[in-house]
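Listed below, chain by chain, are the residues.
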Amino acid sequence: MTRILKYTEYLYVAVAFFSLYRIFTDWNMDRQSAYLFIFFAAVSIGMFFFRRNYRKKFEQRKQDNQQ
């Protein structure tokens, strides 16, 4: 279970990097699309930290229950 949670964290990082790439490539051509990808990048980075915090709490709770 914790392996899946680790992979989903890095999936959010990948989405953030893709969004940043699209922001830089689309900024001069399509500003509305760039704004949408700014939103995606911000949400992805926020979700990365949220999921990471959630996973660490889950692992700590699991470790505390085993002891």
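Look a little higher up for the structure.
Residues numbered from 1 in each chain as written. Predicted model: local features only at pLDDT ≥ 70, side-chain atom pairs only at ≥ 80, totals over all residues. Heavy atoms only, no water.

**Observations regarding the overall build of the protein**
(1) Moving on: Counting its secondary structure elements, the protein contains two helices and zero strands.
(2) Moving on: Against the globule reference of 11 Å for 67 residues, the protein gives a C-alpha radius of gyration of 16 Å, more extended than a compact globule.
(3) Moving on: Projected onto its principal axes, the C-alpha positions of the protein cover 60 × 15 × 10 Å.
(4) Moving on: Buried positions account for 19% of the 67 residues belonging to the protein.
(5) Moving on: In the protein, the share of contacts with a sequence separation of at least 24, taken over all contacts with a separation of at least 6, comes to 59%.
(6) Moving on: Just so you have it, the protein exposes about 5500 Å², and 62% of that area is on carbon and sulfur atoms.
(7) Moving on: Averaging the locations of the 11 positively and 5 negatively charged side chains of the protein gives two centres separated by 6 Å. (Helix = DSSP H or I, 4+ residues; strand = E, 2+ residues; numbered from the N terminus. Rg over C-alpha atoms; globule rule 2.2 N^0.38 Å. Buried < 20%, exposed > 50% of the residue type's maximum accessible area, 1.4 Å probe, protein only. Contact = heavy atoms within 4.5 Å. Areas by Shrake-Rupley, 256 points an atom, 1.4 Å probe, with all protein chains shown as cover. Lys, Arg positive; Asp, Glu negative; His and termini not counted. Charge placed at Lys NZ, Arg CZ, Asp CG, Glu CD.)

**Structural notes on a nonpolar patch on the surface**
(1) Moving on: On the surface, Leu-36, Phe-39, Phe-40 and Val-43 cluster together into a nonpolar patch covering about 360 Å² of accessible area.
(2) Moving on: Note on placement: Phe-40 falls in helix α2 (residues 31–66). (Patch = residues over 30% accessible without salt bridge, like charges linked within 9 Å, V, L, I, M, F, W, Y side chains within 5 Å. Salt bridge = Lys/Arg side-chain N within 4 Å of Asp/Glu carboxyl O.)

**So, the pattern of salt bridges**
(1) Moving on: A complete count under the given rule lists three salt bridges for this structure.
(2) Moving on: The partner of Asp-26 in a salt bridge is Arg-22, with the nearest N and O atoms 2.9 Å apart. Here Arg-22 and Asp-26 lie together in helix α1 (residues 2–26), a separation of four residues that amounts to about one turn.
(3) Moving on: Arg-22 sits in the partly exposed class, given a relative accessible area of 27%.
(4) Moving on: The network of salt bridges with common partners includes Glu-9, Arg-55 and Glu-59.

**A short note on the side chain of Ser-44**
(1) Moving on: The topology assignment puts Ser-44 in helix α2.
(2) Moving on: For Ser-44, the residues in contact, after removing those within four places along its chain, are Tyr-12, Val-15 and Ala-16.

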